[in-house]
Amino acid sequence: MPDEGFQQVDEKHVANEVEHMLWSPKIDLIALANVHGEVVLHRLSWQKVWSLQPSSEEDKVGGLAWRPDGKVLAVGYRSGKIQLVNTENASILHSTDLEGEITSLSWINQEFPAGKPWTPDPYMEDNSKDLLPKLQSLDKSYGSISKGNHEESVEDRKRLLDQKELNLLLVGTNKDQLHLFAYGIFPCGILTFSLLDGSKSRHIYCASISQDLHCLSIIVESTLDNSEDIDYYMLSYDTTLLLSRHKEIRLMALKYGQLATLIEYLQTTIQQMSEAWEDILMEMDSKLLKYAEEKKKTSEIGSVSNDFLELLLFGTPNWGLRTFLQHELTEKGLKKLGQSIENSYSNIQKLVVKHLQIVSQAIVHHLDEFRGMSLWYEKFGVLGLEVSSLQEAVKTAGSFVLKTSELQQVIDGSIKNFKAFLKWLYVVILRLSNEQPPAELTKMTQHDVSFVADFLKDNFSRYPQDGDRQNEEDKKQRFRLEKVGQYLKKEDLPLPPDTSSNLWKQFLNSNNFQNDSSLIYQVERKKSLVQLQDQLEEITNKALTKPATMIGQSLQCSCTHHLFTLTRGDEKARLPIFKQYTDNEGGYLYTVFTIDMLPCDLFYILRHPTNSKRVSEEIEIVGISIGALSTECPDSSIDSNMATSHAILDIGYYDTKTLSLLLLEDVEDGRPVLVQLPFSVIKDDSFTKLTSTENVTANVNTIEVGPLIPKHSYRHLENMQAHSFAVSGIRKTATVLYASRRRVRIFMLDGEEDSDDEDEDESKDESNLEISRSEGNLDVSQPMNEDENKENNST
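Rules used in this analysis
Residues numbered from 1 in each chain as written. Predicted model: local features only at pLDDT ≥ 70, side-chain atom pairs only at ≥ 80, totals over all residues. Heavy atoms only, no water. Helix = DSSP H or I, 4+ residues; strand = E, 2+ residues; numbered from the N terminus. Buried < 20%, exposed > 50% of the residue type's maximum accessible area, 1.4 Å probe, protein only. Contact = heavy atoms within 4.5 Å. Areas by Shrake-Rupley, 256 points an atom, 1.4 Å probe, with all protein chains shown as cover. Core = buried A, V, L, I, M, F, W, Y, C linked by side-chain atoms within 4.5 Å. Pairing = 2+ DSSP bridges. Phe/Tyr/Trp six-rings, centres within 6.5 Å; stacked < 30°, edge-to-face > 60°. Lys NZ or Arg CZ within 6 Å of the ring centre and 35° of its normal. Expected span 1.5 Å × (residues − 1). Arc of directions from axis to C-beta. Polar contact = N/O pair within 3.5 Å; in protein donor to acceptor, adjacent residues only side chain to side chain. Axes fitted to C-alpha atoms, helices over the stretch in contact; angles between N-to-C directions. Left-handed = near helix turned anticlockwise from the far one by under 90°. Nonpolar A, V, L, I, M, F, W, Y, C, P; charged D, E, K, R; others polar. Salt bridge = Lys/Arg side-chain N within 4 Å of Asp/Glu carboxyl O. pLDDT = per-residue confidence, 0-100.

Q: I'd like to hear about the overall build of the protein chain, residue by residue, with values.
A: In terms of regular secondary structure, the protein chain is built from 17 helices and 30 strands. Here the protein chain holds 795 residues, and 53% of them are scored as buried. Of all intrachain contacts in the protein chain linking residues separated by at least 6 positions in sequence, the fraction that spans at least 24 positions is 66%. Here the protein chain has roughly 36,400 Å² of accessible surface; of this, 47% comes from carbon and sulfur atoms.

Laid out in structure tokens, this is it:
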């Protein structure tokens, strides 16, 4: 084929039909989402990096967005779930669930004017890492740690430490809402929009905020009931509060990321504690209950507690207790129970001391810093941080810290009690079996006797005597030797510790001042650890999501434009294209769109100043058509085959100077054409100033740019039917998807080598990626199947 321009470097097969393609803004990585909801990451060479399965088989991907530094990929699902994925190893850094279906994702980085570098002034960077104990990595043995977590910095689990300029993840849904997340994590805005068109079915098609944070623009698709018409609107919003407090929002977002990391660490710790606690620890309780039931059936006199106390005092059990000790507990069973108790309690104790207490104290610290921020109303309170809500969160976190100390004391006491009790029973069973117990076990002082007697009194006297009325709850609480497991359940403690003799507790009970004090934490005597954990998460989430509501309410709609009305056509036809981007140098926010089902003859470029106060007055639009391409093609033998007009298949933003187009020759068996359109060919005087907000594409000046496209700026794609494409100005590449959506062609759009500095920066990012090949999803040597051959040869 004659050489027209651009170099085809490869053609690859993909296992499933592709629905979304998006290049990384920094390195040679492209993310693909297929019809099964799977997300696959490839290099430019099409080497597979990793794949990510959806949380459920029915879930599909609604949108993809890269964090501006290319280290995190946001995946939005139609179920409303958003996952931030670490590009190094596919681990989930953060997950959020929203109401409704995710319909659009975009991730925008804040930019400052040339010559004005970013600084954190007037605020200092967070120094909590110098003040708080370092969190230790959790043991993987319980299977609770995400893939790759043991290799990561625990404190930087969200990958936020290197973030400077603010960046915003914009998430559109079909519930009339746009959600803004600072760094993809902190909810810093919930915009609820309204349209007075009588429609009940609306969703955000795309959204963008200018990189100077002056203006927010959203495209809304609206459909009336029982109508074939689809209306498209552009809504522009004033973001004054967001702009004026961007440094405060950054601080809040970074602090929120640290807090979210700590809460996830706390959840994992408690999960591992639950896994370390074994059901076998309840075996003694269940066997004692069985013995009590048998004793009641035979109408034996006395309680279980009395039987054991008599054994302790006289050394001889009655017949029933002898049978129980020799045939139910047994020497082997008692040793197994002792080992299980020691192992389980030791593991839980390590988790409490090394992880739970440290992370809970860190949570108190960060919540208290949030409370300090809220006291500065002019800077942070105006954003929605409330002193009362955060004070409640701090006190709840303090109560949780106290509960961890209480649990530690219960574990210490349980280990001591069980050891003494089981040691005594083990000696008794050996003697009943006429075996000589080890000398070190037979030594029992008066103190040991008193200790075991107190243990029997405290734990065995709960079994009701004959004639006592008892309900189902009484039956569950007959024997509770094991007191640690109750802290790991979502229910009140059946056996809370006795604090009546605690002098500090007596002092607090005799005074009411502690209820209003910010320095004294409440002791939640009857609540379990898990209950307090849930309460802490709920109160914290409530306090830290208020800024999203406050900032969202501050976003005022400056103008609404009805772009066009589209009548539904073939269900298989593709809906119009919308692309939005910012020209920082010119101070414009651009919206590029088509108004017909694809392929179509025209596309439009609409622009308005990023200053939201000037949007309604200075919004401009121009129509673009592509007729015959420039005859300056390097090979004149192709000129006679060129079409006189072209239809639009897809549009992509390449860089600040170029728009990428995927065209289709408007002739029978027309070929796809890959085109680089310089913005310079579209002169300022080509734009028409809008005078109406209704059907803005009517009476618009349309220009023909085909002859203006320079040579070497397009290429005809032979032997393929194209569907869409993804372009990357950083890597100077385009990936064109076949109509079958199961094969791609890869082109280099600029043959020049990247600068040494860019290569060095990218190599640092790429060196961190863990490359893995997986059978089934990709086979670079796999030949085209019969259907694809037919498609490619049909032209």
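From this point, things continue past the structure.
Q: Report on the nonpolar core, specifying residues and quantitative values.
A: One finds Leu168, Leu169, Ile218, Met284, Phe308, Leu325 and Phe421 to be the most contacted residues of the largest nonpolar core, which totals 127 residues. Considering each element in turn, this core owes the most residues, 19 residues, to helix 8 (residues 387–432). Setting aside anything within four residues of it in sequence, one finds Leu168 in contact with Ser106, Trp107, Ile108, Leu180, Phe181, Ala182, Cys188, Ile209, Leu213 and Leu242. Ranked by size, the runner-up nonpolar core spans 29 residues in total, among them Leu598, Leu663, Phe679 and Phe687.

Q: Outline the pairing of strand 3 (residues 29–34), listing residues and values.
A: Where burial is concerned, most of strand 3 is hidden: 6 out of the 6 residues are buried. The alternating pattern of strand 3 places Leu29, Ala31 and Ala33 and Ile30, Leu32 and Asn34 on opposite faces, both of which are buried. Judged from the 5 bridges that link them, strand 2 (residues 18–23) and strand 3 form a sheet pairing that is antiparallel. When the sheet's bridge partners are listed, Leu22 is paired in strand 3 with Ala31. With antiparallel pairing between neighbouring strands as the criterion, strand 2 and strand 3 make up a hairpin whose turn holds 5 residues. By the bridge criterion, 5 bridges tie strand 3 to strand 4 (residues 39–43) in an arrangement that is antiparallel. Bridged to Leu29 within strand 4 is Arg43. The antiparallel pairing of strand 3 with strand 4 creates a hairpin that spans 4 residues between the two strands, and Gly37 there sits at a positive phi of about 85°.

Q: An account of the packing of aromatic side chains is needed here, citing residue identities and associated values.
A: Under the criterion given, the structure shown has 22 aromatic pairs. Centre to centre, the rings of Phe421 and Trp424 are 6.1 Å apart; their planes meet at 45°, and the pair counts as tilted. Placement of the pair is Phe421 and Trp424 together in helix 8, with a separation of 3 residues, close to one helical turn. Side by side, Phe421 and Trp424 carry an identical accessibility label, which is buried. A cation over an aromatic ring shows up here: Arg607 above the ring of Tyr588, its NZ or CZ 4.5 Å from the ring centre.

Q: Give me the lowdown on helix 10 (residues 446–460), citing residues and values where you can.
A: Compared with an ideal rise of 1.5 Å per residue, which puts 15 residues at 21 Å, helix 10 spans 21 Å between its outermost C-alpha atoms and is within 8% of the ideal. Of all the positions in helix 10, only Val452, Phe455, Leu456, Asn459 and Phe460 are classed as buried. Summarising the axial view, the buried residues of helix 10 lie within an arc of 100°, below the 170-degree limit, and thus occupy one face. Opposite the buried face of helix 10, by more than 90 degrees, sit the exposed residues Gln446, His447 and Lys457. Contacts made by the buried residues of helix 10 are with helix 4 (283–297), helix 5 (304–314) and helix 8.

Q: Could you give an account of the environment of Ser128, with specific residues and numbers?
A: Position of Ser128 relative to the elements: it lies in helix 1 (residues 128–131). Separated by 127 residues in sequence, Ser128 and Lys255 place their C-alpha atoms 9.8 Å apart.

Q: Now, about the side chain of Thr735: what can you tell me, with residues and values included?
A: With respect to the helices and strands, Thr735 occurs in strand 29 (residues 733–738). Overall, the relative accessible area of 0% leaves Thr735 in the buried class. Among the polar contacts listed, one links the side chain of Thr735 to the side chain of Trp23, at a separation of 3.3 Å. Discounting residues that sit within four places of it in the chain, Thr735 has contacts with Met21, Trp23, Ile30, Trp46, Ser724, Phe725, Ala726, Val744, Arg745 and Ile746.

Q: Would you mind going over the sheet that holds strand 29 in detail, with residue names and values included?
A: Pairing is antiparallel in the open sheet, where 4 strands are placed in the order 1-30-29-28. Every other strand in the sheet has two partners, leaving strand 1 (7–13) and strand 28 (722–728) as the edge strands with one partner each. On average, each strand axis in the sheet is tilted by 20° relative to the strand beside it, whichever way the strands run. Pairing of strand 29 with strand 30 (residues 743–748) involves 5 bridges; the strand directions are antiparallel. Note that in strand 30 the partner of Val736 across the bridge is Arg745.

Q: If you had to explain the packing of helix 4 against helix 6 (residues 319–329) to someone new, which residues and values would you point to?
A: Running from N to C, helix 4 and helix 6 cross one another at 145°; their axes reach a closest spacing of 11 Å. Of the two elements, helix 4 crosses helix 6, and the hand of that crossing is right-handed. Across the interface between the two elements, Met284, Lys287, Leu288, Lys290 and Tyr291 from helix 4 touch Gly320, Leu321, Phe324, Glu328 and Leu329 from helix 6. A class-by-class count of the residues in the contact of helix 4 with helix 6 yields 6 nonpolar, 1 polar and 3 charged.

Q: For the sheet that holds strand 3, give the residues involved together with the corresponding values.
A: Pairing is antiparallel across the open sheet formed by 4 strands, whose spatial order is 2-3-4-5. If you trace the sheet from one side to the other, it starts and ends with strand 2 and strand 5 (48–52), each paired once. On average, each strand axis in the sheet is tilted by 15° relative to the strand beside it, whichever way the strands run.

Q: Go over unusual backbone geometry, please, and point to the residues and values.
A: Leaving glycine aside, a negative phi is the common case for residues, and trans is the common case for peptide bonds. The step from Asp121 to Pro122 runs through a cis peptide bond, and the omega angle for that step is 10°. Residues other than glycine seldom take positive phi values, yet Ala90 does so here, at roughly 70°. Structurally, Ala90 can be placed in the loop between strand 8 (81–86) and strand 9 (92–97). Located in the positive-phi region is Asn434, a residue other than glycine, with phi close to 60°. Mapping Asn434 onto the fold places it in the loop between helix 8 and helix 9 (439–442). Judged by its relative accessible area of 73%, Asn434 is exposed.

Q: Which residues make up the pattern of salt bridges, and what values do they have?
A: Summed over all chains, the structure comprises 24 salt bridges. Close ionic contact of Glu155 with Lys134 constitutes a salt bridge, the shortest N to O distance being 3.6 Å. Taken together, the positions of Glu155 in the loop between helix 1 and strand 11 (167–173) and Lys134 in the loop between helix 1 and strand 11 put the pair 21 residues apart, joining distant regions of the chain. As a salt-bridge pair, Arg202 and Asp176 come within 2.5 Å of each other at their nearest N and O atoms. Taken as a pair, Arg202 in strand 14 (residues 201–209) and Asp176 in the loop between strand 11 and strand 12 (177–182) lie far apart in primary sequence, 26 residues in all. Across this residue pair, the class does not change: Arg202 and Asp176 are buried.

Q: Describe the confidence of the model for the protein chain, and please don't skip the residues or the numbers.
A: Should the pLDDT be low somewhere, the predicted coordinates at that spot are not to be read in detail. Residues with a pLDDT of 70 or more make up 87% of the protein chain, whose mean pLDDT is 85. Low pLDDT (under 50) marks residues 770–788, which in the prediction has 36 contacts with non-local residues, meaning those over four places away or in another chain. Low pLDDT, under 50, characterises residues 790–795; the predicted model gives this stretch 14 contacts beyond four residues in sequence or across chains.

Q: Account for helix 3 (residues 246–276), naming residues and giving values.
A: Because an α-helix packs 3.6 residues into every turn, residues spaced three or four apart end up facing the same way. Across its 31 residues, helix 3 extends 45 Å between first and last C-alpha, which sits within 8% of the 45 Å expected from 1.5 Å per residue. Of all the 31 residues making up helix 3, 25 are buried; the element is thus mostly covered by neighbouring parts of the structure.

Q: Mind laying out the pairing of strand 22 (residues 645–655), listing which residues take part and the relevant values?
A: In terms of residue burial, strand 22 counts as a mostly covered element, since 8 of its 11 residues are buried. Relative to strand 22, strand 21 (residues 620–627) runs antiparallel, the two being bridged by 2 bridges. If you follow Ile626 over to strand 22, its bridge partner there is His646. In the sheet, strand 22 pairs with strand 23 (residues 658–665) via 8 bridges, with the strands oriented antiparallel. Along strand 23, the bridge assignment pairs Asp655 with Thr658. Between the end of strand 22 and the start of strand 23, which pair antiparallel, lie 2 residues.

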